[in-house]
Amino acid sequence: VQLVESGGGLVQAGGSLRLSCATSGISFSIKTMAWYRRAPGKQRELVASITPGGSATIYGDSAKGRFTISRDNAKDTMYLQMNSLKPEDTAGYYCNAEPPITLYGVNYWGKGTLVTVSS
C-alpha cells in the first residue's frame, strides 16, 4: 500500500497549487477517494471527496468554489487543484480513501504534502 502526496509548497495568498496523490495497492478505481488536511494544532478535516467513477464530488465548506478534486483511474492518481489560496489553507494535505484505508486495524496515512500560504 502506498499513498504519495506531492505538489505542496509556499505560495502567496491568492495563488494556486495543484496537489497530486499517487497510489498503489489500494484498488484505487473502485474506491471513493478524498483529500484531507491538518492545520497546526487542529484536527484532520476532510477537504473534498470523489466517487470511484468521478461523477460526484463533495467539498468541505472551506474548499467550495476554490478547490477542484479530480482523478485518473488509469494512473491510480488523484488531484486537488487549489485556487484563491488563503493563509488559513496552510496545512499538511493528505490523500486517502473515504473512509480511510486501514492496515492491521489502524488508519494508514502517507507522509502528506505541506502547503504554506503567506499573507
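Preceding block: the structure.
Just so it is clear, the structure is predicted and the values come from calculations on it, not from any experiment.

A closer look at the sheet that holds strand E6 (residues 57-59)
Strand pairing within a sheet occurs via backbone hydrogen bonds; the two strands may be parallel or antiparallel. Spatial ordering of the open sheet is given by E2-E12-E9-E4-E5-E6, a layout of six strands whose pairing is mixed. Looking at which strands have only one partner, the edges of the open sheet turn out to be strand E2 (9-12) and E6. Between one strand axis and the next, the sheet turns by 25 degrees as a mean value, whatever way the strands run. In this structure, strand E5 (residues 45-50) lies alongside E6, joined through three bridges in antiparallel fashion. The residue of E6 that forms the bridge with Ala-48 is Tyr-59.

Regarding the pairing of E5
Relative to E5, strand E4 (residues 33-38) runs antiparallel, the two being bridged by five bridges. Counterpart to Tyr-36 in the pairing with E5 is Leu-46. If you look at the hairpin formed by E4 and E5, you'll find six residues sitting between the two strands, and Gly-41 has a positive phi there, around 75 degrees. Linkage of E5 to E6, two consecutive antiparallel strands, is achieved through a turn of six residues, within which Gly-54 is found at a positive phi near 85 degrees.

Topic: the environment of Leu-80
As for its placement among the helices and strands, Leu-80 is situated in strand E8 (residues 77-82). Once you skip the residues sitting within four places of it in the chain, Leu-80 turns out to touch Leu-17, Arg-18, Leu-19, Trp-35, Val-47, Phe-67, Thr-68, Ile-69 and Tyr-93.

Remarks on the nonpolar core
The tendency in soluble globular proteins is for nonpolar side chains to be buried side by side. The biggest cluster of nonpolar side chains holds 27 residues, and the ones touching the most others in it are Trp-35, Val-47, Phe-67, Met-78, Leu-80, Met-82 and Tyr-93. Residue assignment for this core shows that the elements contributing at least two residues are strand E3 (17-24), E4, E5, strand E7 (67-72), E8, strand E9 (91-97) and strand E12 (113-118). At four residues, E9 tops the list of elements feeding residues into this core.

Observations concerning the sheet that holds strand E1 (residues 2-6)
Strand order across the open sheet formed by four strands is E1-E3-E8-E7, with antiparallel pairing between neighbours. Among the strands making up the open sheet, the edge pair consists of E1 and E7. The average undirected angle you get between the axes of adjacent strands in this sheet is 15 degrees. With six bridges connecting them, E3 and E8 associate as antiparallel partners. Of the residues in E8, the one forming a bridge with Leu-19 is Leu-80.

How each quantity is defined
Residues numbered from 1 in each chain as written. Predicted model: local features only at pLDDT ≥ 70, side-chain atom pairs only at ≥ 80, totals over all residues. Heavy atoms only, no water. Pairing = 2+ DSSP bridges. Helix = DSSP H or I, 4+ residues; strand = E, 2+ residues; numbered from the N terminus. Axes fitted to C-alpha atoms, helices over the stretch in contact; angles between N-to-C directions. Contact = heavy atoms within 4.5 Å. Core = buried A, V, L, I, M, F, W, Y, C linked by side-chain atoms within 4.5 Å. Buried < 20%, exposed > 50% of the residue type's maximum accessible area, 1.4 Å probe, protein only.

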